[in-house]
Amino acid sequence: MTTPRMRIAECGVLMAIGLAALPLLAQSGPQSAPASTVVIRNATIVPVTSARIQNGTIVLRNGRIEAVGANVNAPSGATVIDGTGLFVYPGMIDAGTQLGLTEIGSVPGGEDTQEIGDFNPHNVAVTAVNPHSELIPVTRVNGVTTAITSAEGGLISGQAGLIDLMGWTPTDMAVRRQAAMVVNYPSLGGGGFGGGGGRFGGGDQSDAERRAELDRRTRALRSYFADAKAYADVKARAANGGARKLNQAMEAMIPVIRGEMPVIFDVTTADQIRGVLALADTFKLKVVLRGAREAWRLADTLAMRRIPVIVGPTTSVPGAEDPYDMTYANPGVLARAGVKIAFQTSDAANSRNLPYNAALAVAYGLDADAALRALTINAAEMFGVADRIGSLEPGKVANVVVTTGDPMDVRSVVRHLFIRGQPVPLDDRHTRLYEQFRARPRS
Amino acid sequence: MRTIAMVLAAVVLSAAASSATAQQRAAPRDTTTKRLSYPVPPAARLVAITNATIMTAAKGTIPKGTIVIRDGKIAAVGADVAVPAGAQVIDGNGKFVIPGIVDAHSHSAAEAINEGTQSITAQVRMEDVLRQDALGLYRELAGGVTTLNILHGSANTIGGQNATVKVRWGLPADSLLFEGAPPGIKFALGENVRQTNRTVLPGQERRYPRTRMGVEELLRDAFTRAQEYRRDWQAYDRARKSAKKGQAPVPPKRDLQLDALVEVLEGKRLVHCHSYRADEILMMLQVAKDFGFRVASFQHVLEGYKVADEIAAAGSGASTFADNWAYKLEAWDAIPHNATLMAERGVRVSINSDSDERARRLYQEAAKAMHYGGASEEEALKMITLHPAWQLGIDKRVGSIEVGKDADLAIFNGHPFAPASRVEMTLIDGRVFFDRNTAPTLEYLMELIRQQQGPRQVTEVVP
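For clarity, every value in this text was computed on a predicted model and none was experimentally measured. (Residues numbered from 1 in each chain as written. Chains lettered and ligands numbered in written order. Predicted model: local features only at pLDDT ≥ 70, side-chain atom pairs only at ≥ 80, totals over all residues.)

Engineer: Account for the overall build of chain A, with residues named and values stated.
Structural biologist: When its secondary structure is counted, chain A shows twelve helices and 16 strands. Sorting the 443 residues of chain A into buried and exposed places 57% on the buried side. Within chain A, contacts between residues separated by at least 24 positions form 70% of all contacts whose residues are at least 6 apart in sequence. (Helix = DSSP H or I, 4+ residues; strand = E, 2+ residues; numbered from the N terminus. Buried ≥ 20, exposed ≤ 12 C-beta atoms within 10 Å, placed from the backbone. Contact = placed C-beta atoms within 7 Å.)

This is the structure in structure tokens:
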């Protein structure tokens, strides 16, 4: 393999070519500078939505994918990358992170991951995304170009943003500023790590007390949705067409109640999923389940109702009564039943391990191609941006990863990275420290 | 959820009793109750694993080879090894065999982790709180782990005595202990022992030390006391030998804490030192040098790459995470290249879990040493086998596939670093402690529910 130093050098050149065009192209609006054209030749191209292409060529121009195929002519004047022995994939999407909202876990000053109170539908995560977080470059150099990021906690945690992992400002980064509402569905607690959320109570609560608390919180959530529906109905009937905004939180719930904004329900158990389905039936919600390690219990139901599931992290420990491989095997069961799945790390510092989460699912029964779709196009479909990202197709935003092999294989290394057609340097806090101390004179 | 899980567990039990398919799987299947009474398959005296790719972690990889196990030890390994008559044969065709994984930092079998009331608790022993039914052990077996270093927590500058165990899940707790493993002790530096990340309640007193200087002072004070204590005992031993009859000297007061530290001074007890920052690693090396002992392993050692030469020169090992970082300030300069950079500078490096979760997939963690910094495949493998075994002083027994060593092996369905690979079988002392074919998998649970409740019930709820 080449040394990181060489990789950085290559990237420096690409940076020089590409930096001028940073105003981001997936956003509407004029392009302020002509972007360079990049051609990757002789590579194995994995478009995800169609068959892989041996010895293929992909052309990136003006932030978009212009052409993909075996017989594509390279336009003149383009920067050419020889992809011999390399593989080209669409950028991966981590469908559950706190990227940009956290820096050093134990330092409270940098944490914007949890708001006070149970109901914060008006809080928009992208508002607080730090584009210059050191965690972001570390993530993207592993091929994760896009992420759902959101706060957690309470019952309605706020609005998740879908962001590309590059940009000068939060707005630059946003693919969808308000991509989904995040609901932390209540549970009995003790569900362990992985989106089981809504936990409460300490060890000194009796089972009956915990059950009563669960009922109280479930009712509180349901009545909040009922309030939101009433609010939306009243506003719709108001003489002035509901133009006056009276309540920020309720305003934020209107697209949810109208079924326009997807609602991510963070759940763990089958019981919670049943609760979500009942809530969705009452209020006609556009549901995306997340975490959901007992979703296998309802696989056929979820497939029939076309409810997508963001699985993971597969690197969570099953419950005490669960089969040892449950978190690994759950994604495969869902996919075979016909449920659309995507992956989340539920992490920030190690969101970069997204493909390795999927690898564990593949080892325990998920089809490898299904896993690739789950890492890319499926999440894009869940959040309504599949026309823009998630696969290598002409016209799509050029989030492109060039690797030495299957991104789910830990041994593979990313060699080139493009976000919105911009070449992204493959350095980060870690490579810088590595280079610095690798050069320390031997004592 | 609890109710449903219990029902499922009941289904598992009742079906295991009634169905023929379940019968053969019954032994290790139940993960909820009666663990103690469930028999582990008896050890076969003669076992052969045939036609497997054998990654020895010592002498390269044998593409198609055979391992012969006799009485729990590796009796032969190679491409041209004959299967002895009467051997129980495990068909390794298409499979990869690696040495059983050694996790140099675990708390899995421990009922308690921290005696956190004082900053020196050298007298407490992890072997007193081991439980053989800790479910984490079974999941780790299912990830190919065979040996664990069960450490005291990091609340104290000098924590308790660790226990090196084999993951003999299902056998009585005493059977867990790794016979003949050198004793050790946990040290810790930095934020955890300073207790600066914890919320102090009103009226609660702060514990000394609160600074890294205080941590050093505490160490020096403890070892100075240990030196004195040792001199008192040496003087007593001399006096006793030369004493006239009827004039036996009075022995010094026995101190269990200092007993352990004297063993450290005498090189009889290995120090495993939790550490993060370069400065505190250097401090520990200096203290150890001044008192004449070696730090066997620095644990976590996330800034070890900054002082790799010093660690190597002291002959200490380094046991680190693959890529954990940013969870606290002292983990801010952690880099995933840490393992390979230290290895390049001559440090023997292991990759550990410190987690019941990560321990299940240390093979994936080891591959990250190839991803970050380009370790060779064999070096990456050694980081979870031979190197941690060396750090624990048990590398003559385990850590590689060599004749004479314990037959602790993990059998994968593919290359252990490949994305679609999983552990099929785990052997300890030649005995199969995990076999996926008879394991309580999700697939099997679904099959049981199908049999018990009909096919629709598996994925249920048709509203």
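Don't stop here, the text continues.
Engineer: An account of the domain arrangement of chain A is needed here, citing residue identities and associated values.
Structural biologist: All names here are of chain A. When its domains are assigned, chain A resolves into domain 1 (4-91 + 402-438) and domain 2 (92-389). In this complex, domain 1 contributes 22 residues to the contact, which on the side of domain 2 involves 28 residues. Per element, the largest residue contribution to the side of domain 1 that touches domain 2 is three residues, and it comes from strand S15 (residues 414-419). Taken together, the residues that form the side of domain 1 that touches domain 2 break down as 14 nonpolar, five polar and three charged. (Domains from an automatic or database assignment. Nonpolar A, V, L, I, M, F, W, Y, C, P; charged D, E, K, R; others polar.)

Engineer: Kindly report on the interface of chain A and chain B, identifying the contributing residues and their values.
Structural biologist: Across the contact, 53 residues belong to chain A and 54 residues belong to chain B. For the side of chain A that touches chain B, the secondary-structure elements that each account for two or more residues are helix H6 (270-283), helix H7 (299-304), helix H8 (326-337), helix H9 (354-363) and helix H12 (429-438) of chain A. Looking at the side of chain A that touches chain B, its residues break down into 31 nonpolar, ten polar and twelve charged.

Engineer: Give a detailed account of the sheet that holds strand S6 (residues 92-97) of chain A, specifying residues and quantitative values.
Structural biologist: As a general point, the strands of a sheet are linked pairwise by backbone hydrogen bonds and lie either parallel or antiparallel. All names here are of chain A. Reading across the sheet, the eight strands line up as S6-S7-S8-S9-S10-S11-S12-S13 and stay open at both edges, with mixed pairing between neighbours. If you trace the sheet from one side to the other, it starts and ends with S6 and strand S13 (341-343), each paired once. On average, each strand axis in the sheet is tilted by 30 degrees relative to the strand beside it, whichever way the strands run. When strand S11 (residues 287-291) meets strand S12 (residues 309-311), the two strands line up parallel, connected through three bridges. (Pairing = 2+ DSSP bridges. Axes fitted to C-alpha atoms, helices over the stretch in contact; angles between N-to-C directions.)

Engineer: Can you tell me about the sheet that holds strand S9 (residues 184-188) of chain B, naming the residues and giving the values?
Structural biologist: All names here are of chain B. The mixed open sheet is built from eight strands, whose spatial order is S6-S7-S8-S9-S10-S11-S12-S13. Where the open sheet ends on each side, the last strands, each with one partner, are strand S6 (101-106) and strand S13 (349-351). Pairs of neighbouring strands in the sheet enclose a mean axial angle of 25 degrees, with direction left out of account. Where strand S10 (residues 270-275) and strand S11 (residues 295-300) come together, five bridges link them in parallel fashion. Each bridged residue has a counterpart across the sheet, and for His-272 the counterpart in S11 is Ser-297.

Engineer: Help me get a handle on unusual backbone geometry, residues and values and all.
Structural biologist: The peptide bond linking Gly-312 of chain A to Pro-313 of chain A adopts the cis configuration, its omega dihedral lying at 0 degrees. With respect to the helices, strands and loops of the structure, Pro-313 of chain A is situated in the loop between S12 and H8. The step from Tyr-208 of chain B to Pro-209 of chain B runs through a cis peptide bond, and the omega angle for that step is 0 degrees. Along the chain, the position of Pro-209 of chain B falls in the loop between helix H4 (191-194) and helix H5 (212-242). Positioned with a positive phi, Val-48 of chain A is a non-glycine residue whose angle comes to about 80 degrees. By secondary structure assignment, the location of Val-48 of chain A is in the loop between strand S1 (38-45) and strand S2 (53-61).

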